[in-house]
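Chain by chain, the residues run as shown.
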Amino acid sequence: MSRRGPFALCLLFLGSCQWTSPTSPPAVSDAGTAPVASAPAPVPTAAPVPEPLPPCRAKGASPLSAALDYLDTGRYPEALSCAAQASALEPDSAAAHSARGEALAALQRTAEAQVAYARALAIDPGQPDALLGAAHLYAVQLPSSREYDELGALYAERGLSQSDAAPELLPRFALVAAMALNDLGQAAEALQRAQLVLAREPDNREAAYEKALALFELCRFAEARAAFGTLRNDPQRGAHAHYHLGMLLEREGKWKEAREHFDKARHASPEDFPVPPTPTEAEFREEVARAVAALPEDMRKDLTGVPVRAEELPAEEDLLSGEPPLSPAILGLFRGPPLGEPCDGTETPCRSVALYRLNLARAVRTREELREQIKVTLLHEVGHLRGEDDQELAARGLE
């Protein structure tokens, strides 16, 4: 499920609204059980040859000026032609490569846009348009990943730090930074960036959404409920607002009201909010028990005396047990010190693992995916039991 949905791709200051999806690997057919001869090696498919660009129609202006004018009016093929000519005539012009990157990104030629922005920033690491374009490309346009979000945040923060940056660019950098930081789980920093935008642009709905999301992640539930309440009727953000209001009401035990908000989110955006494959409490306990039984012997040994509990939602005291708070959407939790460290007597039992039924069901689309996510979450918590931190677990694919 996309956390923001398609509205996050429509940053008006960049003049484009695109979405790129990762391509699927080609299917491999079964060669059969008794082949007469080995199958021939597959012939590599040549990359498609791009269409030649038409000549730049600069209309008396320089190619770069013409490219920027075309970008301003949303004429991206013409902008690309002129930006390509500008970068060919002036290969050391960061502005020309940046304009080319923006046109390529708008045309969804994202791999080429990455190279164009990289070249612009290699020439001038502080080029504002290149920083903003690259930040948006990595944090918003490309498929979400920790690496892309980190790059998006880095470029946006670098743009904010430029002392000579045009004042009108600051809220744009701050908005992309807020998006990337929220995706990275750095809600306190995301909140600061969203508030920076709203101080300059009080009616910015994108920033209002990022603020509401950061408040939710920081467990400031009353403030988050009020913030999401203002977005319920927003045509682009309403589904996500209803979804989060449902989660907030669920935490209060207001199940009927929560379900009404979940239904509204699903009606407005069924692709983002499908019906979750929620097992009954008994079924969930059975799935958790099976996952524990399927662990390698050494992990089961480490779990001796460590109960693995099936719970509904994270308790507020668990979420607020550290600084910063844990996300209300966590899938599991390890309580207590790692193996080998003494217990301080505050936990009974000393160590335990919790897996959260409702959050896990919302994180997947099918029962099969749920079983796999229970397994991954359990492995993550066993990693904490063994002393690994989140960064080490993420590096092993157990984020």
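Cut-offs applied
Residues numbered from 1 in each chain as written. Predicted model: local features only at pLDDT ≥ 70, side-chain atom pairs only at ≥ 80, totals over all residues. Heavy atoms only, no water. Buried < 20%, exposed > 50% of the residue type's maximum accessible area, 1.4 Å probe, protein only. Helix = DSSP H or I, 4+ residues; strand = E, 2+ residues; numbered from the N terminus. Pairing = 2+ DSSP bridges. 1 Å grid on protein atoms, 1.4 Å probe; cavity = no way out; pocket = protein on both sides within 12 Å on 5 of 7 lines; lining within 4 Å. Points joined across faces, edges and corners; volume = space filled by probe spheres on them. Nonpolar A, V, L, I, M, F, W, Y, C, P; charged D, E, K, R; others polar. Core = buried A, V, L, I, M, F, W, Y, C linked by side-chain atoms within 4.5 Å. Contact = heavy atoms within 4.5 Å. Axes fitted to C-alpha atoms, helices over the stretch in contact; angles between N-to-C directions. Salt bridge = Lys/Arg side-chain N within 4 Å of Asp/Glu carboxyl O. Disulfide = S-S within 2.5 Å.

*Asks:* Describe the pairing of strand E2 (residues 332-335), naming the residues involved and giving the relevant values.
*Replies:* Taking every second residue as pointing to the same face, both faces of E2 are buried, with Gly332 and Phe334 on one and Leu333 and Arg335 on the other. Direction of pairing for E2 relative to strand E3 (residues 352-356): antiparallel, over a ladder of four bridges. Residue pairing for E3: Gly332 is matched across the bridge by Leu355.

*Asks:* Let's hear about the layout of surface pockets: which residues, and what values?
*Replies:* In this structure, the second largest pocket occupies an estimated 470 Å³ of space. Glu250, Phe262, Pro276, Thr278 and Arg362 are, among the 23 residues lining the second largest pocket, the residues nearest its centre. Looking at the lining of the second largest pocket, the element that brings in the most residues is helix H12 (residues 255-268), giving seven residues. The residue makeup of the lining of the second largest pocket, split by class, is 13 nonpolar, one polar and nine charged.

*Asks:* Explain the nonpolar core to me, and be specific about the residues and the numbers.
*Replies:* The biggest cluster of nonpolar side chains holds 84 residues, and the ones touching the most others in it are Tyr155, Phe216, Phe228 and Leu248. Discounting residues that sit within four places of it in the chain, Tyr155 has contacts with Leu121, Leu131, Ala134, Ala135, Tyr138 and Phe173. Among the nonpolar cores identified, the runner-up in size contains 21 residues, and Val306, Val353, Leu360 and Val382 belong to it.

*Asks:* So what's going on with the sheet that holds E3? Which residues, and what values?
*Replies:* The three strands lie next to each other as E1-E3-E2, forming an open sheet whose pairing is mixed. Whereas interior strands pair on both sides, the edge strands pair on one side only; in this sheet they are strand E1 (308-311) and E2. With strand direction ignored, the average angle separating the axes of adjacent strands in the sheet is 20°. Of the strands in this sheet, E1 and E3 touch helix H13 (residues 281-293), which is tilted by about 155° from E1. Against the sheet, helix H17 (residues 367-385) engages E1, E2 and E3, with an angle of about 20° to E2.

*Asks:* Explain the pattern of salt bridges residue by residue, including any values.
*Replies:* For the coordinates displayed, the defined rule picks out 22 salt bridges. Arg237 is paired through a salt bridge with Glu206; the nearest N and O atoms lie 3.9 Å apart. Pair noted here: Arg237 is in the loop between helix H10 (221-229) and helix H11 (238-251) and Glu206 is in helix H9 (residues 205-217), with a separation of 31 residues, a long-range link. For Arg237, a relative accessible area of 6% puts it in the buried group. Ionic pairing is found between Lys254 and Glu252, a salt bridge with its closest N-O pair at 3.1 Å. For Glu252, a relative accessible area of 42% corresponds to the partly exposed category. Taken together, the shared-partner salt bridges in this structure form one network comprising Arg205, Glu206, Asp234 and Arg237.

*Asks:* Help me get a handle on the state of the cysteines, residues and values and all.
*Replies:* Applying the stated criterion across every chain, the model contains two disulfides. Here Cys56 engages in a disulfide with Cys82; their sulfurs sit 2.1 Å apart. Given an S-S torsion of about 90°, the disulfide between Cys56 and Cys82 has right-handed geometry. Residue Cys56 is found in the segment before helix H1 (63-72), and its partner Cys82 is found in helix H2 (residues 76-89); the two are separated by 26 residues along the sequence. With respect to burial, Cys56 and Cys82 carry one shared label: buried. Covalently, Cys343 is tied to Cys350 through a disulfide, its sulfur atoms 1.4 Å apart. On the sign convention where negative is left-handed, the bridge of Cys343 and Cys350, at about -80° about the S-S bond, is left-handed. You can call Cys343 partly exposed: its relative accessible area is 38%. For Cys350, a relative accessible area of 18% corresponds to the buried category.

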